[in-house]
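In case you want the letters, here they are:
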Amino acid sequence: MENKEKTNFIRNIIDEHNRTGRFDGKVHTRFPPEPNGYLHIGHAKSICLNFGIAEDYDGLCNLRFDDTNPAKEEEEFVHSIQKDIKWLGYDWEDRLYFASDYFPQMYEFAKELIRSGKAYVDSQSPAEIRENRGTVKESGKPSPYRNRSAEENLNLLERMKNGEFEEGEHVLRAKIDMSSPNMLMRDPLMYRIKKKAHHRTENEWNIYPMYDFAHCLEDSLEGITHSLCSIEFENNRPLYDWFLENLNIHHPQQIEFARLNLNYTVMSKRLLSRLIAENIVSGWDDPRLPTISGLRRRGYTPESIRNFCEKIGLAKRESIVDMALLEHTIREDLNKRANRVMGVLRPLKVIIDNFPEEEVDDLEAINNPEDETAGKRTIPFTKEIYIERTDFMENPPKKFFRLAPGREVRLRYAYFMKCEKVIKDKITGEIKELHCTIDPPSRGGRSPDGRKVKATLHWVSARFAIDTEIRLYENLFEVPNPAAEEDITDSINPNSLKILKNCKLELCTKNLPVQTKVQFERLGYFCKDDDSTAEHPVFNRTVTLRDVWKKIQKRNKK
RNA sequence: UGGGCCGUCGUCAAGUGGUUAAGACACAAGGUUUUGGUCCUUGCAUUCGGGGGUUCGAAUCCUCCCGGCCCAACCA
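Here goes a summary of the coordinates provided. Per chain, the residues get numbers from 1 upward, laid out in the order the sequence is written. Each chain takes a letter, starting from A, and each ligand takes a number, starting from 1, following the order in which they are written. Totals for whole chains, interfaces and linings use all residues, but because this is a predicted model, local features are given only for residues with pLDDT of at least 70 and pairs of side-chain atoms are given and counted only at 80 or more. Think of the side-chain values as coming from all heavy atoms in the structure, minus any hydrogens and water.

In this section: the state of the cysteines. Disulfides are defined as cysteine sulfur pairs within 2.5 Å. For the structure shown, the criterion picks out zero disulfides. With no disulfide partner, Cys216 has as its closest neighbouring cysteine sulfur the one in Cys229, 12 Å distant. Cysteine Cys503 shares no disulfide, and the gap to the nearest cysteine sulfur, in Cys527, comes to 16 Å. Looking at Cys503, the relative accessible area reads 0%, which means it is buried. Note on exposure labels: buried denotes an accessible area under 20% of the residue type's maximum, exposed denotes more than 50%, and partly exposed covers the range between, all computed with a 1.4 Å probe on protein chains only.

Take a look at the structure:
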């Protein structure tokens, strides 16, 4: 790592706190997911921020599940979330917490606020509460129950807790200011009755704390110093501060930052859940999704995601990061680490007329030109080989350097090869195979006479090829900001997944373990999928290589 | 006159009264190359949403205006 100073407004605030001694130089953050979905790259931003800051300031970062709503939360998600954070490379050590573990203490705090006349049980209906809250431009009206005695409030709350009332009959509210211009300060709800079994406390509670009451207490109880959250909680900060001030307990500093948006995808759990529920994608780990599990399956590495989170920076203004930056970080990582291999996606058979039928010529290939320690391997050359259909054109346009009738190219690590004849289907006109000749002295791909060739093609021996399924991915959406569309399902990219069944891979890929990442030379980075079996390997295309020829083609089309 | 927040290159983003206004991605042009990959070189905001003002000096301070986002779930 270079010695580039990380700088952003949150680090500036922490530096200032350290200068003034606000938290005695301590830094203690937390990542507080609600277990109601899988983590996505937006969460990764927050994880890298919270764990990263703790690391850099010699502090600590807790993992805390904010499980205050049993109607939405599930055990499955608490497992997937832990798996993903660990995979990203972060460690909360023994600091795994659950908001639900604090329910008894929260309940005591609530009673304390009642006793000091700062909370009351409201018995209006949900509709009345909404009505009397007013609007952003008109102030609200106080509840008729606002001045119940502490005794009555305590009694009612206890009975709410014990399940004596039905959902919606009563709530506990903070007594703040019904005419505050900040809607959140108009006697916000602290507890609501929910007769739902909680994934951890089961049926112990009939009331559950609301976010605003619960979250500040969770932070306070854990001794958090800097409570980092996204920008839409800015309006909640006065309330966060109000509870802690009125309870007179440890008071962390809440700081808000802009959440991550990426173009051509969606980041909200609501939208992601919908794509899964409607089977538009195969699940939370569909490789087209920006979920951590999807990216992992697609072939992204933890390092690339962490680098990405580093590169996007941190600020308060809302922004949309270009997908090209994510792709850049995975190419950058895999370029150094992935072994090169040859694979043909859309095979075109080539017969080498001047090569003996049965002969196998073992050629030497470099595994990774960026990493000498990756070593070398041999690849078999035979009379019949496959090349990429897109590497041959009968009537090549100007800037096409590859194979064409009468033209000579190099086969990577093999020979210079000249196209002599094109065999077509008499009826359809489709090109069936090519007849070519090689130049024996060019063995290894060298050019003893100094003759130049404009292209080098990848190829695979027909006799030794491994038949493989390859899944090609593009952006899930056709529009840069799908969340802004009326209905996201209208802008799904019909080409977001393309399955190629008849691909031919180099022999050495035969027994690679699942999740292995390789570069198919000239094509891109690929990752062996979980769906693979011994007889039927499957690879996902993580990302293509940068491709000048594709750019030229695009330009010419316009 | 509800309140809160935000506006620096195509996209992110440093910058906190004196800098030639960082850096990355993208883009463009060259060089190297047995991957049209990688790598290397070069270019890419006389200007910081706009107008006024303070100052010897403003992206940074003041002021007005314009634009965007958030808040009226018993969600988080």
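There is more to say, and it comes next.
Below, the discussion takes up the packing of helix α4 (residues 103-115) against helix α7 (residues 211-221). Where α4 contacts α7, the two axes come as close as 11 Å, and the packing angle between them is 115°. Judged by the angle between their axes, α4 and α7 are roughly perpendicular. Considering how the two elements wind past one another, α4 and α7 form a crossing that is right-handed. Note on element contacts: α7 touches α4 through Phe213, Ala214, Leu217, Glu218 and Leu221, opposite Gln105, Met106, Phe109, Ala110 and Leu113. For this classification, Asp, Glu, Lys and Arg are treated as charged, while Ala, Val, Leu, Ile, Met, Phe, Trp, Tyr, Cys and Pro are nonpolar and the rest, including Gly, are polar. Looking at the contact of α4 with α7, its residues break down into eight nonpolar, one polar and one charged. Axes here mean lines fitted to C-alpha atoms, for a helix over just the part in contact, with angles spanning 0 to 180 degrees between N-to-C directions. Strands here are runs of E lasting at least two residues and helices are runs of H or I lasting at least four, both read from the DSSP assignment and numbered beginning at the N terminus. Each angle receives one of four descriptions, namely roughly parallel if under 35 degrees, roughly antiparallel if over 145, roughly perpendicular if within 65 to 115, and oblique otherwise. A clockwise turn of the near helix away from the far one marks a right-handed crossing, whereas an anticlockwise turn of less than a right angle marks a left-handed crossing. Two residues form a contact once any of their heavy atoms are found within 4.5 Å.

Classification of ring pairs rests on two measures: the distance between centres of Phe, Tyr or Trp rings, Trp counted by its six-membered ring, which must be within 6.5 Å, and the angle between planes, read as stacked under 30 degrees, edge-to-face over 60 and tilted in between. One pass over the structure, following the stated rule, counts 19 aromatic pairs. Relative to Trp459, the ring of Phe381 lies with its centre 5.2 Å away and its plane at 80°, an arrangement referred to as edge-to-face. Taken together, the residues Phe381 in strand β14 (residues 376-381) and Trp459 in strand β20 (residues 459-461) connect sequence positions 78 residues apart. Given the relative accessible area of 0%, Phe381 is considered buried. Of the residues examined, Trp459 reaches a relative accessible area of 2% and is grouped as buried. Site record: aromatic cluster; members linked through ring pairs are Phe103, Tyr107, Tyr191, Trp205, Tyr208, Phe213, Trp242 and Phe243.

Another aspect to go through is the nonpolar core. Throughout this description, the term nonpolar core refers to a set of buried Ala, Val, Leu, Ile, Met, Phe, Trp, Tyr and Cys residues connected via side-chain atoms within 4.5 Å. One finds Ile41, Ile85, Leu275 and Phe308 to be the most contacted residues of the largest nonpolar core, which totals 51 residues. Every element with two or more residues in this core is listed here: α2 (41-56), β2 (60-65), α3 (75-88), α9 (269-277), α10 (292-298), α11 (302-311) and α12 (323-337). Examining the composition of this core, we find that six residues originate from one element, α2, more than from any other. Looking at which domains feed residues into this core, each of domain 1 (9-259) and domain 2 (269-339 + 468-557) supplies at least three. What Ile85 contacts, discounting residues up to four positions off in sequence, is Phe31, Leu39, Ile47, Phe51, Leu63, Tyr90 and Trp92. By size, the runner-up hydrophobic cluster in this structure holds 33 residues, among which are Val121, Leu156, Met160 and Phe165. Note that the domain bounds were set by an automatic or database domain assignment.

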